[in-house]
Amino acid sequence: MRLLVIEDDPMIGESLEESLRNENYAVDWVRDGHSAELALLQEYDLIVLDLGLPKKTGEQVLLDYRKHQGQAAVIVLTARDEVTSRVKVLDSGADDYLVKPFDLDELLARVRALLRRKSGRTQVELSAQGLVLNPVTHEAHLNGEPLHLSAREFSILQVLMEIPGQVVSKNKLEDKLYGWNEEIESNTVEVYIHLLRKKLGSDFIKNVRGVGYKVTALKP
Amino acid sequence: MKNSIQWQLISSLSIGLLLATFLAGWGIYAVSHQEANKLFDYYLQQAALSTPIHLDEQAEYSENELLGEDIFVQVWNPEGELIYSSNEDFTMPRYKNLGFQDINAFNSSWRVYTSARRGHYIQVAQPDSKRDLLATNLALRSLSPFIILIPLLLLLTSWIVKRNLRPLNQMTLAIKQRSPVDLTPIATQGQPSELAPITQALNDLLERLEHTLVAQHEFIANASHELRSPLTALKLQIQIAERAKTEQQRLQAIQKLSERIDRAIHLVEQLLTLARHDTPTVEKEWVQLNALIQSVAQEYQVLAQNKGLTLKVITPSQALTVLANESALTILIKNLMDNALKYTPSGGSIRIGAKASPLHIECWIEDTGIGIPETERQRVFERFYRASNHQERGSGLGLAIVSNIAKQLGATLKLSTPTSGQGLLVILQFPQLLAELSSV
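Residues numbered from 1 in each chain as written. Chains lettered and ligands numbered in written order. Predicted model: local features only at pLDDT ≥ 70, side-chain atom pairs only at ≥ 80, totals over all residues. Heavy atoms only, no water.

1. Here's the deal with the overall build of chain B
- Scanning chain B from N- to C-terminus turns up 10 helices and 13 strands.
- Taking the contacts inside chain B whose residues are at least 6 apart along the sequence as the reference set, 64% of them involve residues at least 24 apart.
- As displayed, chain B offers around 25,800 Å² of accessible surface, 58% of which is attributable to carbon and sulfur atoms. (Helix = DSSP H or I, 4+ residues; strand = E, 2+ residues; numbered from the N terminus. Contact = heavy atoms within 4.5 Å. Areas by Shrake-Rupley, 256 points an atom, 1.4 Å probe, with all protein chains shown as cover.)

2. A word on the packing of helix α6 (residues 151-162) of chain A against helix α7 (residues 170-177) of chain A
Residue and element names in this part refer to chain A.
- The geometry of α6 relative to α7 is characterised by a closest axis approach of 10 Å and an angle of 125 degrees between their N-to-C directions. Between α6 and α7, the angle is such that the two are oblique. Here the hand of the crossing between α6 and α7 comes out right-handed. For the pair α6 and α7, the contacting residues are Arg152, Ser155, Ile156 and Val159 in the first and Leu173, Lys176 and Leu177 in the second.
- Partitioning the contact of α6 with α7 into residue classes produces 4 nonpolar, 1 polar and 2 charged. (Axes fitted to C-alpha atoms, helices over the stretch in contact; angles between N-to-C directions. Parallel < 35°, antiparallel > 145°, perpendicular 65-115°, else oblique. Left-handed = near helix turned anticlockwise from the far one by under 90°. Nonpolar A, V, L, I, M, F, W, Y, C, P; charged D, E, K, R; others polar.)

3. Notes on the pattern of salt bridges
- Considering all chains together, one arrives at 34 salt bridges over all chains under this definition.
- Of the charged contacts, one joins Glu37 of chain A and Lys56 of chain A as a salt bridge, the two residues approaching to 2.4 Å between their closest N and O atoms. Here Glu37 of chain A is found in helix α2 (residues 33-39), whereas its partner Lys56 of chain A is found in the loop between β3 (46-50) and α3 (58-67), with 19 residues between them in sequence.
- A salt bridge links Lys38 of chain B to Glu35 of chain B; the nearest nitrogen and oxygen atoms lie 3.8 Å apart. With Lys38 of chain B and Glu35 of chain B both in helix α1 (residues 5-50) and 3 residues apart, this pair spans about one turn of that helix.
- Each of the salt bridges in this network shares a partner with another, and the network as a whole consists of Glu14 and Glu18 of chain A together with Lys256 and Arg260 of chain B. (Salt bridge = Lys/Arg side-chain N within 4 Å of Asp/Glu carboxyl O.)

4. Digging into the sheet that holds strand β9 (residues 145-147) of chain A
Residues and elements named next belong to chain A.
- Strand order in the open sheet formed by 4 strands is β6-β7-β8-β9, with antiparallel pairing between adjacent strands. With partners counted over all chains shown, the strands left at the sheet margins are β6 (126-128) and β9, one partner each. Shown here is a sheet whose adjacent strand axes are inclined to one another by a mean of 25 degrees, direction ignored.
- Summarising the sheet, strand β8 (residues 139-142) and β9 pair through 3 bridges and their orientation is antiparallel. Each residue of the ladder has a partner; that of His141, found in β9, is Pro146. (Pairing = 2+ DSSP bridges.)

5. Digging into a nonpolar patch on the surface
All names here are of chain B.
- Residues Ile5, Leu9, Leu13 and Leu168 make up a contiguous nonpolar surface patch of roughly 310 Å² in combined accessible area.
- Counting residues per element, the nonpolar patch draws most heavily on α1, which supplies 3 residues.
- With respect to the secondary-structure elements, Leu168 resides in helix α5 (residues 166-176).
- For Leu168, a relative accessible area of 31% puts it in the partly exposed group. (Patch = residues over 30% accessible without salt bridge, like charges linked within 9 Å, V, L, I, M, F, W, Y side chains within 5 Å. Buried < 20%, exposed > 50% of the residue type's maximum accessible area, 1.4 Å probe, protein only.)

6. Some words on helix α9 (residues 326-343) of chain B
- Here α9 of chain B is 18 residues long and its end C-alpha atoms lie 26 Å apart, about the 26 Å a rise of 1.5 Å per residue gives.
- When α9 of chain B is considered as a whole, its buried residues turn out to be Ala328, Leu329, Thr330, Leu332, Ile333, Asn335, Leu336, Met337, Ala340, Leu341 and Tyr343 of chain B. (Expected span 1.5 Å × (residues − 1).)

7. Structural notes on empty space enclosed by the protein
Residues and elements named next belong to chain A.
- Within this structure, the stated rule accounts for 3 cavities of 30 Å³ or more.
- Residue lining of the largest cavity: Met1, Tyr25, Arg112, Leu115, Arg116, Arg121, Val124, Pro135, Val136, Gln158 and Glu162, and that is the complete set.
- Among the elements of the structure, α5 (104-118) and α6 are those that each provide at least two residues to the lining of the largest cavity.
- Per element, the largest residue contribution to the lining of the largest cavity is 3 residues, and it comes from α5. (1 Å grid on protein atoms, 1.4 Å probe; cavity = no way out; pocket = protein on both sides within 12 Å on 5 of 7 lines; lining within 4 Å. Points joined across faces, edges and corners; volume = space filled by probe spheres on them.)

8. Some points on the packing of aromatic side chains
Residue and element names in this part refer to chain B.
- On inspection of all chains with the given rule, the structure shows 2 aromatic pairs over all chains.
- With a centroid separation of 4.6 Å and 45 degrees between ring planes, the pair formed by Phe100 and Tyr113 is classed as tilted. Here Phe100 is found in strand β3 (residues 99-105), whereas its partner Tyr113 is found in strand β4 (residues 108-117), with 13 residues between them in sequence.
- According to the relative accessible area criterion, Tyr113 is buried, its value standing at 10%. (Phe/Tyr/Trp six-rings, centres within 6.5 Å; stacked < 30°, edge-to-face > 60°.)

9. A closer look at the environment of Val89 of chain A
Residue and element names in this part refer to chain A.
- Secondary-structure assignment places Val89 in helix α4 (residues 83-91).
- Along the primary structure Val89 and Leu77 are separated by 12 residues, whereas in three dimensions their C-alpha atoms are 9.7 Å apart.
- Among residues more than four places away in sequence, those in contact with Val89 are Leu51, Leu62, Val76, Ala94 and Tyr97.

10. Overview of the interface of chain A and chain B
- Facing 25 residues of chain A, the contacting portion of chain B comprises 18 residues.
- Where chain A abuts chain B, roughly 2,100 Å² becomes buried across the two surfaces, and 51% of that area is made up of carbon and sulfur atoms.
- In this assembly, chain A and chain B are joined by 6 salt bridges.
- Note that Lys256 of chain B is salt-bridged to Glu14 of chain A, the shortest N-O span being 2.4 Å. (Buried area = accessible area lost by both parts, 1.4 Å probe.)

11. With respect to the layout of surface pockets
- There is about 1,500 Å³ of room inside the largest pocket.
- Together, 46 residues line the largest pocket, and Asn222, Arg383, Phe384, Tyr385 and Arg386 of chain B are the ones closest to its centre.
- Elements that contribute at least two residues to the lining of the largest pocket include exactly α3 of chain A together with α6 (196-243), α7 (247-276) and α10 (398-409) of chain B.
- The leading source of residues in the lining of the largest pocket is α6 of chain B, at 9 residues.
- Residue composition of the lining of the largest pocket, by class: 17 nonpolar, 12 polar and 17 charged.
- Volume-wise, the second largest pocket comes out at about 740 Å³.
- Considering the residues around the second largest pocket, the lining is formed by 38 residues, among which Asp338, Asn339, Lys342, Tyr343 and Gly394 of chain B are closest to the centre.
- For the lining of the second largest pocket, the leading source of residues is α9 of chain B, giving 8 residues.

If you want it as structure tokens, here you go:
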């Protein structure tokens, strides 16, 4: 899952980036409205947006993003807690908001809920072919047995199982796994797919030649 | 009550009107009195003329209505014998002069008229006391309309005054009934021209008040936002520390936490400094500008070295003294130094100095940092405004504090670009009026 943090305060931004990375999201962080505009030319799954931004206000960034058919879930961070400003935020196209100072656990839970809703799921857990992933606890179970997965392995499976049967390209997988300043080795995705096939069986992840990878809901 | 315009108007107008009425009354009284006396004289004359000098006519004469009880008639024949007297008890001597005269007889004063007809003398007398009584009665009667006039005038005065002061009362009521947050201007239409300047002044005040309130509101909104940010950062950092899986991660998180607490403290301190220097007046004393600059620069020498900056002090040999407040001026210069240090990249230089011109004494600080875009040089003095080219995170209050203190000290602040074309040059100008030039 690829997230964009738009926050001008370096300390808050830094903390957000760090904690979201710890949850295995690919996180990009920009500090002002103009950079946000540029960053939003890429595709994101979720945006954490601070309202008080230099150069261009968060509200304007949001309005413009929605005007250009931006599809990502947007969670707004605001220091103003009056009802009118919250209403305005939601009406500008935000999916959720949090009033500063907020609780980190709450932010992470809301991020998970928005990502879940976005992929059309109501279940917290993702499952396919007897494998169950819990994004909250980062636990995985295969046929009821606990299964150990590394953070990256978990993230790859999470992307592939979000919509079972959907083919995800290697580029898209990389996009969703790595933030801007994270180094990508050319064959990392292949390495992780290889490791996962060892743990889950060779036909758990299907290779669609020339297109990408997919995980079907039921055993083929 | 004594200070009320209505009461003043009513009382002074009433007193004036009453005085005028009494004066007029007294005048009318005096004239009537005089006229009455003339009339009595005429009666007296008529009485004398109508008195028959033949005795046989005397009987009829006693019926003459012209003769009141108070008129005494005496008749003398050519031989000088008194042949008639209307009252036997009062017999007056015959006065030689003809015509009117005032006489004292029988312990009272009299008005006497003597006439001569065919050798006979007719003398008519009337006591002054009687005449006065009658004249006074007559004169008083002519004053009777005043009894109605005086209360009528008083009522009319009070009504007119109250009626004309009604716009004032209406305005008072309108202001009294306002809610404390209603700062809309008072309507001037239909107001008398005398009230318009007051209303205008009041409306001006309301407008200024509204501006102040809006600014206050903005400041509170900004301050709450600015205070929430470091608190949010603190809270996040604590939660990150709690989640740390290794001891090293935990120590790192706690180190950051302590830095963030310092930032929150700095912001609160800046807010307090700003509030402290928001008052327009401050106690001033003579401050040695060179010495102050030297001591502040000394404090920053180590900080500058640590950041790889050179810090130079350039002060003239003569001592410059300005009328200022030493602690406020120190805060001002320190804030400027903080900025120079923060926004000048490593390898740059900062220069601070003072100089005197015929009109001013100046303190200037120059750096080779990122500067402030010319278009934003006015706005940077606003609270919480941050120049768009600044990545560093300050409180946003530094220059607001600097500007407030400069205003307090009566000094002028100027932002410009150094001659090198790079960085920022801040000049603080004290007018020579407040400065004193003395050689070492």
